Amino acid sequence: DSGVTQTPKHLITATGQRVTLRCSPRSGDLSVYWYQQSLDQGLQFLIQYYNGEERAKGNILERFSAQQFPDLHSELNLSSLELGDSALYFCASSVTPREGYTFGSGTRLTVV
Amino acid sequence: EDQVTQSPEALRLQEGESSSLNCSYTVSGLRGLFWYRQDPGKGPEFLFTLYSAGEEKEKERLKATLTKKESFLHITAPKPEDSATYLCAVQGSASKIIFGSGTRLSIRP
């Protein structure tokens, strides 16, 4: 157990739907990062939050949004889902990025 | 734009056969280069951070080195349990960490 908790582990949904992925960071970590991993694109950085505020944005689609709550857990919202959104979504947390991220076990999203 | 390229894409070795994985990078203002290990269906597991050219770090059968343009992950006398995908990542002045596509390492008994 890495200390980063992601729920749900698996999610199957239809095109056009909206889903919410949840992440609880490791105790004491203020930063949360979201990554998307698909077979053909590797790990793609989506967005970073630090203590409730957005810090950095990567290749995140306008249909996707995220937030970090006062208790530091984070949610990634994916809407108007397309088949191409099927992927593993990872959350990671850190004290400082230089010490490396701790990743959760991911949410596998399948859009049918 | 920050970029990370890993080679080879896949590597099959016999148990005990040493080799190296390569990570070439271009980044504005390197703040750190990272190596992670990822097993199928699991999240990446942090291995090393390297901060400046000439730095080396070791962990069991793995040794990571860094130059101004690339990093190598040397694996000495590997065992089947070392089979995994090894990911390289860099953090530049923009703070976000960019990952390479990884090297899939397979060790045959």
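Cut-offs used in this document
Residues numbered from 1 in each chain as written. Chains lettered and ligands numbered in written order. Predicted model: local features only at pLDDT ≥ 70, side-chain atom pairs only at ≥ 80, totals over all residues. Heavy atoms only, no water. Helix = DSSP H or I, 4+ residues; strand = E, 2+ residues; numbered from the N terminus. Buried < 20%, exposed > 50% of the residue type's maximum accessible area, 1.4 Å probe, protein only. Contact = heavy atoms within 4.5 Å. Pairing = 2+ DSSP bridges. Buried area = accessible area lost by both parts, 1.4 Å probe. Salt bridge = Lys/Arg side-chain N within 4 Å of Asp/Glu carboxyl O. Polar contact = N/O pair within 3.5 Å; in protein donor to acceptor, adjacent residues only side chain to side chain. Phe/Tyr/Trp six-rings, centres within 6.5 Å; stacked < 30°, edge-to-face > 60°. 1 Å grid on protein atoms, 1.4 Å probe; cavity = no way out; pocket = protein on both sides within 12 Å on 5 of 7 lines; lining within 4 Å. Points joined across faces, edges and corners; volume = space filled by probe spheres on them. Nonpolar A, V, L, I, M, F, W, Y, C, P; charged D, E, K, R; others polar.

### Overview of the overall build of chain A
Of regular secondary structure, chain A possesses 0 helices and 11 strands. When the helices and strands of chain A are read in sequence order from the N terminus, they spell out β-β-β-β-β-β-β-β-β-β-β. If you line up chain A on its principal axes, its C-alpha atoms span 35 × 25 × 25 Å. By residue count, 51% of the 112 residues in chain A fall in the buried class. If you take every contact in chain A between residues at least 6 apart in sequence, the share linking residues at least 24 apart comes to 53%.

### Comments concerning the pairing of strand 2 (residues 10-14) of chain B
All names here are of chain B. Only one face of strand 2 is buried: it carries L11 and L13, and the other face, with A10, R12 and Q14, is open. Judged from the 5 bridges that link them, strand 2 and strand 11 (residues 103-108) form a sheet pairing that is parallel. Bridging from a neighbouring strand, A10 pairs with R104 of strand 11.

### Some points on the interface of chain A and chain B
Each partner contributes residues to the interface: chain A has 16 residues there, and chain B has 16 residues. Summed over both partners, the interface of chain A with chain B comes to about 1,400 Å²; 56% of that surface belongs to carbon and sulfur atoms. For chain A, the biggest contributors to the area lost against chain B are A:L43, A:R98 and A:Y101; these three give 38% of the whole. In this assembly, chain A and chain B are joined by 0 salt bridges. Taken together, chain A and chain B are joined by 3 residue pairs in polar contact (both at pLDDT 80 or more). Of all the elements in the fold, those that place two or more residues in the side of chain A that touches chain B are strand 4 (31-38), strand 5 (42-50) and strand 6 (53-57) of chain A.

### What to know about the pattern of salt bridges
All names here are of chain B. One pass over the full model with this rule turns up 7 salt bridges over all chains. The salt bridge partner of R37 is D39, with a shortest N-O separation of 3.1 Å. Look at R37 and you get buried, because its relative accessible area is 15%. The partly exposed category is assigned to D39, whose relative accessible area is 23%. Its salt-bridge partner being E55, residue K57 comes within 3.8 Å of it at the nearest N-O pair.

### Some remarks on the packing of aromatic side chains
Under the defined criterion, the tally for this structure stands at 12 aromatic pairs over all chains. Arranged with centres 5.7 Å apart and planes meeting at 70 degrees, the rings of B:Y36 and B:F46 form a pair that is edge-to-face. Taken together, the residues B:Y36 in strand 4 (residues 32-38) and B:F46 in strand 5 (residues 45-50) connect sequence positions 10 residues apart. Taken together, the ring pairs connect A:Y33, A:Y35, A:F45, A:F90, A:Y101, A:F103, B:Y36, B:F46 and B:F99 into an aromatic cluster.

### Digging into the environment of B:T49
Mapped onto the elements, B:T49 comes out in strand 5. Sequence-wise, B:T49 and B:G32 are 17 residues apart; in three dimensions their C-alpha atoms are separated by 6.3 Å. Dropping the residues within four chain positions of it, B:T49 is found in contact with A:R98, A:E99, A:G100, B:L33, B:F34, B:E55 and B:K57.

### Brief notes about the layout of surface pockets
Roughly 1,000 Å³ of volume is contained in the largest pocket. Lining of the largest pocket is provided by 41 residues; of these, A:Q37, A:S38, A:Q41, A:G42 and A:L43 occupy positions nearest its centre. Mapped by element, the contributors of at least two residues to the lining of the largest pocket are strand 4, strand 5, strand 9 (87-94) and strand 11 (107-111) of chain A together with strand 1 (3-7), strand 9 (84-91) and strand 10 (97-99) of chain B. Within the lining of the largest pocket, the residues separate by chemical class into 14 nonpolar, 18 polar and 9 charged. Approximately 370 Å³ is the volume attributed to the second largest pocket. What lines the second largest pocket is a set of 20 residues, among which A:D1, A:S2, A:F103, A:G104 and A:S105 lie closest to the centre. Those elements giving two or more residues to the lining of the second largest pocket turn out to be strand 1 (5-7) and strand 10 (102-103) of chain A together with strand 5 of chain B. In terms of residue class, the lining of the second largest pocket is built from 5 nonpolar, 9 polar and 6 charged.

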